[in-house]
Amino acid sequence: MTPAKKFDRFPCPGCSADMEFDPATGGMKCRFCGHTEALPAQSRAEIRPHSLDESAAQGAPGVLSTQALEVTCTGCGAAVVFEPPQVAGKCSFCGADLVAQPKAADPLIAPDAVLPAKVPQEAALAEVRHWLQSRWFAPNALQRMARQEGIAGVYLPFWDYDAGTVSQYRGARGQHYWETETYEESDGRGGAVTRTRQVQRTAWYPAAGEVSREFQHVLIAASTSVSEAKLNALEPWDLEALCPYEPAYLSGFKAQRYQVELKVGFEKAKGVMQQTIAQDVRRDIGGDEQTIDSVDTEYSNAAFRHLLLPVWIGAYRFQDKVYQVVVNARTGEVQGARPYSALKIVLLVVFLLAVIGLLVYLGKRG
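Because the structure is a prediction, the values reported are computed rather than measured.

## Re the overall build of the protein
A count of helices and strands for the protein gives six helices and 15 strands. For the protein, the proportion of its 366 residues judged to be buried stands at 42%. For the protein, restricting intrachain contacts to residue pairs at least 6 apart in sequence, the fraction spanning at least 24 positions comes to 74%. Of the roughly 19,300 Å² that the protein leaves accessible, carbon and sulfur atoms contribute 51%.

Here is the structure:
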């Protein structure tokens, strides 16, 4: 695998400060003097998959950039990478202070492509505020998410798999047919009357065969720091906008190191593929109903890409439990968890009881 391109820093030609990636323009921007620069155009043809079976896939690791630092959260175990002059700060995934000393980023299977952040932080905050409007009784800790320091930009790791499959199956095909059934019912006068009705039956016939399919872009999250349900709810990702990995995209953002290893991710991808294969098998069996007894699948030409997909994320602790709010930095979709503030609920109940008491009192006086 080709290691990631290496750039030491991104100095502003106007004031020499470090420039950062700007989601609004898709280029680099200096937050001090406002100077902007476009990133070089890159071809998606450069985003080539790597064979899962090649020994080089596990070797030839790269780094995100020569400047990248890495710190591991002692609270949740997430490892994040960032570019100076950005600092580690709080853990984006659990809200804990990052007390460990940052170190030079360890080698990893280098990213092949990045989906550049498109939603600026202020726009993401606006989406969070809109999401909060429908969250009654939210604690003040959640309200702080709507402030500038409440969310941070993070690129999450994903594995993107391709594979060819050939599946041998055994099962049965159910064919519906109708039979006339005779039954008796009361005639309402103490007697019985004989009637008939049509009843659906199913005849079963053994079935066996083979189905094949070419899978592309089976996306598996390589992060366990955000729940799978939240990540699924953030979809869709516009993968057609992927760009070959460039360290400049990381400037001003953090990137999480993958927690799900490549081979483990492929086993999860097989589970996703099997769902589609089962649909193909049922279609191949035909009939009105199908049962599947066994499916034996062989995989060929398995390949992968390491992708970084952008989110704005914030986390806070409330009564010893961690809550996250995550924004898709391409679409603005918000997914989050929230507790209920018992104090706010009690205060509302007290207020309503006071209003009811006042109305009763005024009614008696009237």
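What follows continues from the structure just given.
## Regarding the side chain of Arg-330
Examined against the element boundaries, Arg-330 turns out to sit in the loop between strand S14 (321-328) and strand S15 (334-336). In this structure the side chain of Arg-330 is engaged in a polar contact, spanning 2.8 Å, whose partner is the backbone oxygen of Pro-116. A distance of 2.6 Å separates a polar atom in the side chain of Arg-330 from a polar atom in the side chain of Asp-238. Residues within four places of Arg-330 in sequence aside, it is in contact with Leu-115, Pro-116, Lys-118, Val-119, Trp-237, Asp-238, Ala-241 and Pro-310.

## Regarding the pairing of strand S5 (residues 69-72)
Relative to strand S6 (residues 79-82), S5 runs antiparallel, the two sharing four bridges. From the neighbouring strand, Thr-72 faces S6, where its bridge partner is Ala-79. Direction of pairing for S5 relative to strand S7 (residues 103-104): antiparallel, over a ladder of two bridges. Bridged to Leu-69 within S7 is Ala-104.

Quick notes on the rules
- Residues numbered from 1 in each chain as written.
- Predicted model: local features only at pLDDT ≥ 70, side-chain atom pairs only at ≥ 80, totals over all residues.
- Heavy atoms only, no water.
- Helix = DSSP H or I, 4+ residues; strand = E, 2+ residues; numbered from the N terminus.
- Buried < 20%, exposed > 50% of the residue type's maximum accessible area, 1.4 Å probe, protein only.
- Contact = heavy atoms within 4.5 Å.
- Areas by Shrake-Rupley, 256 points an atom, 1.4 Å probe, with all protein chains shown as cover.
- Polar contact = N/O pair within 3.5 Å; in protein donor to acceptor, adjacent residues only side chain to side chain.
- Pairing = 2+ DSSP bridges.

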